[in-house]
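Structure at a glance
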Amino acid sequence: QQPVQSPQAVILREGEDAVINCSSSKALYSVHWYRQKHGEAPVFLMILLKGGEQKGHEKISASFNEKKQQSSLYLTASQLSYSGTYFCGTENRGGGSNYKLTFGKGTLLTVNP
Amino acid sequence: KAGVTQTPRYLIKTRGQQVTLSCSPISGHRSVSWYQQTPGQGLQFLFEYFSETQRNKGNFPGRFSGRQFSNSRSEMNVSTLELGDSALYLCASGAGRLGTDTQYFGPGTRLTVL
């Protein structure tokens, strides 16, 4: 089941904050976050595991709400370099040992000067 | 440290042909995972190899297969190509298994099926 990302697109001015959500209809085991700039390969941002702590790196952090089956990516004091499409990948591990990632359709983030 | 490399970068094939794509991971990495990216379907997970064994597989038909060699280099093969197989194929490598460690993506192979 493909996770649902919201919003689909967001436009910010440099220095503003943004939140991107990723929701699953199934219980989540882990959530991966990536950023992809146009014409480039995705860049891995972070992974959050069930029962794990909120992760963060400089001004980009993420949370994992098991009850809501949702993860949120927080971008604070956005920079021009944050522009790109953000994807979440979820892993449900409903049964067996097959670890399978399913990706959302992405959120296009544009940061303007 | 050299990054993940993929060859070829661009490929044009016709329906019914088969194709083999190659991925060389970062030195020391044992996990290689493959992804298909298209405008319509987005990013989709194909499979992961770790220490020469396929560990995980996405929902793709058996025409999509792969292998990993003892030096961790991986190949992906698609047989009996269909127009819908046109896509950007990405591979990523990691020191640990998928889900346990940072993944580093290669630049991708752009496959066009005519």
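Cut-offs applied
- Residues numbered from 1 in each chain as written.
- Chains lettered and ligands numbered in written order.
- Predicted model: local features only at pLDDT ≥ 70, side-chain atom pairs only at ≥ 80, totals over all residues.
- Heavy atoms only, no water.
- Helix = DSSP H or I, 4+ residues; strand = E, 2+ residues; numbered from the N terminus.
- Buried < 20%, exposed > 50% of the residue type's maximum accessible area, 1.4 Å probe, protein only.
- Contact = heavy atoms within 4.5 Å.
- Areas by Shrake-Rupley, 256 points an atom, 1.4 Å probe, with all protein chains shown as cover.
- Disulfide = S-S within 2.5 Å.
- Pairing = 2+ DSSP bridges.
- Axes fitted to C-alpha atoms, helices over the stretch in contact; angles between N-to-C directions.
- Buried area = accessible area lost by both parts, 1.4 Å probe.
- Salt bridge = Lys/Arg side-chain N within 4 Å of Asp/Glu carboxyl O.
- Polar contact = N/O pair within 3.5 Å; in protein donor to acceptor, adjacent residues only side chain to side chain.
- Nonpolar A, V, L, I, M, F, W, Y, C, P; charged D, E, K, R; others polar.

Focus: the overall build of chain A
Tallying secondary structure elements over chain A gives 0 helices and 11 strands in all. Listing every helix and strand of chain A by position from the N terminus yields β-β-β-β-β-β-β-β-β-β-β. Looking at chain A residue by residue over its 113 residues, the buried ones come to 45%. Long-range contacts, defined here as pairs at least 24 residues apart, represent 57% of the contacts in chain A between residues at least 6 apart. Of the roughly 5,900 Å² of accessible surface on chain A, a fraction of 48% belongs to carbon and sulfur atoms.

Observations concerning the state of the cysteines
Residue and element names in this part refer to chain B. Scanning the model with the defined rule gives 2 disulfides over all chains in all. The side chain of C23 participates in a disulfide bridge whose partner is C91; the two sulfur atoms lie 1.9 Å from each other. Because the torsion about its S-S bond is 75°, the bridge between C23 and C91 counts as right-handed. One end of the pair, C23, is in strand β3 (residues 19–24); the other, C91, is in strand β9 (residues 87–94), and 68 residues separate them in sequence. In terms of burial, C23 and C91 fall into one category: buried.

With respect to the sheet that holds strand β8 (residues 74–78) of chain B
Residue and element names in this part refer to chain B. Overall, antiparallel pairing links the 4 strands, which are arranged β1-β3-β8-β7 in an open sheet. Two strands lie at the open edges of the sheet, namely β1 (5–7) and β7 (64–68), each paired on one side alone. The average undirected angle you get between the axes of adjacent strands in this sheet is 20°. In this structure, β3 lies alongside β8, joined through 5 bridges in antiparallel fashion.

Observations regarding the interface of chain A and chain B
Listed per partner, the contact involves 17 residues of chain A and 22 residues of chain B. Taking both sides of the interface into account, the surface hidden between chain A and chain B amounts to around 1,500 Å²; carbon and sulfur atoms contribute 58%. Contact with chain B buries area across many residues of chain A, yet F44, Y99 and F103 of chain A alone supply 33% of it, more than any other trio. For the pair chain A and chain B, the number of links is 0 salt bridges. Our enumeration of links across chain A and chain B arrives at 2 residue pairs in polar contact (both at pLDDT 80 or more). Across the side of chain A that touches chain B, the residue classes tally to 10 nonpolar, 5 polar and 2 charged.

Comments concerning the pattern of salt bridges
Residue and element names in this part refer to chain B. Taken as a whole and judged by the stated rule, the model has 4 salt bridges over all chains. One salt bridge in this structure joins R63 and E82, with 3.6 Å as the shortest N-O distance. Of the two residues, R63 is situated in the loop between β6 (53–57) and β7 and E82 in the loop between β8 and β9; the sequence distance between them amounts to 19 residues. Note on E82: relative accessible area 42%, which makes it partly exposed.

Nothing here speaks to function; it is all geometry.
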